[in-house]
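Below, each chain spelled out in residue letters.
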Amino acid sequence: MMQMKEYKEVPQDAPPAAPGVNTTGPEPWMSIPVGSNCPQGLEYLTVLDQLLVSQKIEKLEMITGFETQNRFKVKNSLGQNVYFANEESDCCSRQLCGPARPFEMKIMDSFQNEVLHISRPFRCGLFCFPNCMSMIEVSAPPGQVIGTVEQVCTFLKPTFRVKNSFGDVVFDIVGPACVWKCCSDITMKVLNSANNEQIGKITKQWSGLGRELFTDADYFSVTFPLNLDVRMKALIFAAVFLIDIVYYDH
């Protein structure tokens, strides 16, 4: 079990930043919603039904092919920053294990607080042995597990199961038979496991021929119902990083 980490408190008398106002850098950050009863740092998700995830291009990796730690920006539909995501992994596993490598992913807010933690153990990805399929464990706040996302052995459509903290399957994420198409987006449906009804989607967006051929920096969009529990939104959002490393981090 991971240790709980101290969360930097925002002064209570400090007014929230207005939408679009530059507070911490050259790019605007989304203001913090107030009055939300949820894990600290996930308040943003209470008022969002879409997240846009873009992986930063690493020049060293593009020039030399030397695998570096992945970094992502997470924005809302207005282009305002919501989170940053930074991978933590060792150099040897990145070079030798590639997309099978273990890693920790820290999701940070504008105050550099870690609001979501993703832990991915090593998985060889060979055949359909139970301990070979990829999975991630998601915690919010760090140290408090809210669920997992687990790859399912299939021979046609890629499938992932989203489970809550009790181990119950709540969503299935199902993609097309072909997960790569030239000049086209790839959409994976998020289905309610109880009735197989689509409640959202994860889309790997076409980012241009040059970016697709010469980098592994990808664009994703995630949509879910506005009134969905924030923990479930966080699990669907976290699935992006597992899908990316399984199918697109090559």
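In this text, all values refer to a predicted model and were calculated from it rather than measured experimentally.

S.K.: I'd like to hear about the packing of aromatic side chains, residue by residue, with values.
M.R.: Here the distance between the centres and the angle between the planes together describe a pair of aromatic rings. Throughout the structure, instances matching the rule amount to eight aromatic pairs. Aromatic side chains Phe72 and Phe241 sit 5.0 Å apart centroid to centroid with 80° between the ring planes, which places their arrangement in the edge-to-face category. Taken together, the positions of Phe72 in strand β2 (residues 71-75) and Phe241 in helix α4 (residues 230-248) put the pair 169 residues apart, joining distant regions of the chain. By relative accessible area, which is 2% here, Phe72 ends up buried. With a relative accessible area of 2%, Phe241 lands in the buried category. Seen from the ring of Tyr248, Lys204 lies directly overhead, with NZ or CZ sitting 5.3 Å from the centre.

S.K.: Describe the nonpolar core, naming the residues involved and giving the relevant values.
M.R.: Ile107, Leu116 and Ile202 are the most contacted members of the largest nonpolar core, which has 54 residues in total. Here this core takes 15 residues from α4, the largest share from any one element. The contacts of Ile202, once residues within four sequence positions are left out, are Ile173, Ile186, Thr187, Met188, Val190, Phe220, Ser221, Val222, Ile236, Ala239, Val240 and Ile243.

Reading the values: the criteria
- Residues numbered from 1 in each chain as written.
- Predicted model: local features only at pLDDT ≥ 70, side-chain atom pairs only at ≥ 80, totals over all residues.
- Heavy atoms only, no water.
- Phe/Tyr/Trp six-rings, centres within 6.5 Å; stacked < 30°, edge-to-face > 60°.
- Helix = DSSP H or I, 4+ residues; strand = E, 2+ residues; numbered from the N terminus.
- Buried < 20%, exposed > 50% of the residue type's maximum accessible area, 1.4 Å probe, protein only.
- Lys NZ or Arg CZ within 6 Å of the ring centre and 35° of its normal.
- Core = buried A, V, L, I, M, F, W, Y, C linked by side-chain atoms within 4.5 Å.
- Contact = heavy atoms within 4.5 Å.

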